[in-house]
Amino acid sequence: MACRPQVVAGARANRAFLARVVRYLAADCGIRQFIDIGTGLPAPDSTHEVAQAIAPDCRIVYVDNDPLVLVHARALLTGTPQGSCDYIEADLRDTPAVLAGAAWSLDFTRPIAILLLAVLHFIADSDDPAGIVTALARQLAPGSYLVISHLTSDFAPGPVTAGVKAYGALVSTPLIARTHTQVTGLFGGLPLVPPGVVPLTEWRPIVAGALSQTVDMYAGVARAPGA
């Protein structure tokens, strides 16, 4: 925060993006199944709250590798009787475990939305984040969606780089800011939903053209062809 105060606005904007994109997927695209990877601690307007407010039969699987997060999730994240809300302790890098766990609750022959919000920037290049996304997307039925938000230093290279360095001095988990081209590449060539990969606050804002504070993140949504 000392290096780049906008990090606070970025965190809030990412939560707002989650709500916007889940409403879009549930209301406009008819998606009824979601996998939210890298859930984090429960917060208002969680995926199941937004989705099930639109369609109570939505089924959501939360995935995180932090046992403490899952303890809070099981206690606080409860779905509607018509739908479901399940939790998996798994590492994003272990895609077979993520997919096998989700398959207990979700039907992979039907469209699913995978949410990778503010999580891929914790995956080092050596762990092949694009390959991880491809492995997940390969199992999706036609008409499924892939959602990514990701840290970037494109808008303020100096302050963001300093912030990443300060974070790295305190936390062993890597934090990698990626360029627009790199974030776009994570979608593996899947067709992007308009407006494509854009600054996070510019992805289908509730008020079109409204001015908002710049945040250091890109966001985009892709659709699996067919259906």
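The structure reproduced in this document is the subject of the present report. Since we're looking at a predicted model, the values are computed, not measured. (Residues numbered from 1 in each chain as written. Predicted model: local features only at pLDDT ≥ 70, side-chain atom pairs only at ≥ 80, totals over all residues. Heavy atoms only, no water.)

1. Focus: the packing of helix 4 (residues 95-103) against helix 5 (residues 129-137)
Thought 1: Contact geometry for helix 4 and helix 5: axes closest at 10 Å, N-to-C directions at 30 degrees. What the angle tells us is that helix 4 and helix 5 run roughly parallel. Crossing of helix 4 against helix 5: the hand is right-handed. Two secondary-structure elements touch here, helix 4 through Thr95, Val98 and Leu99 and helix 5 through Ile132, Ala135 and Leu136. (Axes fitted to C-alpha atoms, helices over the stretch in contact; angles between N-to-C directions. Helix = DSSP H or I, 4+ residues; strand = E, 2+ residues; numbered from the N terminus. Parallel < 35°, antiparallel > 145°, perpendicular 65-115°, else oblique. Left-handed = near helix turned anticlockwise from the far one by under 90°. Contact = heavy atoms within 4.5 Å.)

2. A closer look at the sheet that holds strand 4 (residues 113-117)
Thought 1: Spatially, 3-2-1-4-5-7-6 is the arrangement adopted by the seven strands of the open sheet, whose pairing is mixed. Each edge of the open sheet is held by one strand with a lone partner, namely strand 3 (84-89) and strand 6 (198-199).
Thought 2: Two strands pair when backbone bridges link them, and strand 1 (residues 33-37) and strand 2 (residues 59-64) are joined in this way by five bridges, in the parallel orientation. When the sheet's bridge partners are listed, Ile37 is paired in strand 2 with Val63.
Thought 3: Together, strand 1, strand 4, strand 5 (145-151) and strand 7 (217-223) form the strand contacts of helix 1 (residues 6-28), whose direction differs from that of strand 5 by roughly 170 degrees.
Thought 4: Against the sheet, helix 2 (residues 47-54) engages strand 1, strand 2, strand 3 and strand 4, with an angle of about 170 degrees to strand 2. (Pairing = 2+ DSSP bridges.)

3. Re the pattern of salt bridges
Between side chains of opposite charge, a pair can form when the charged atoms approach closely.
Thought 1: What the rule picks out here adds up to four salt bridges.
Thought 2: Residues Arg32 and Asp57 are paired through a salt bridge, measuring 3.8 Å at the closest nitrogen-oxygen approach. Placement of the pair is Arg32 in the loop between helix 1 and strand 1 and Asp57 in the loop between helix 2 and strand 2, with a sequence separation of 25 residues.
Thought 3: Here the salt bridges do not stand alone but share partners, grouping Asp91, Arg93 and Asp127 into one network. (Salt bridge = Lys/Arg side-chain N within 4 Å of Asp/Glu carboxyl O.)

Worth remembering: the numbers are spatial, not functional.
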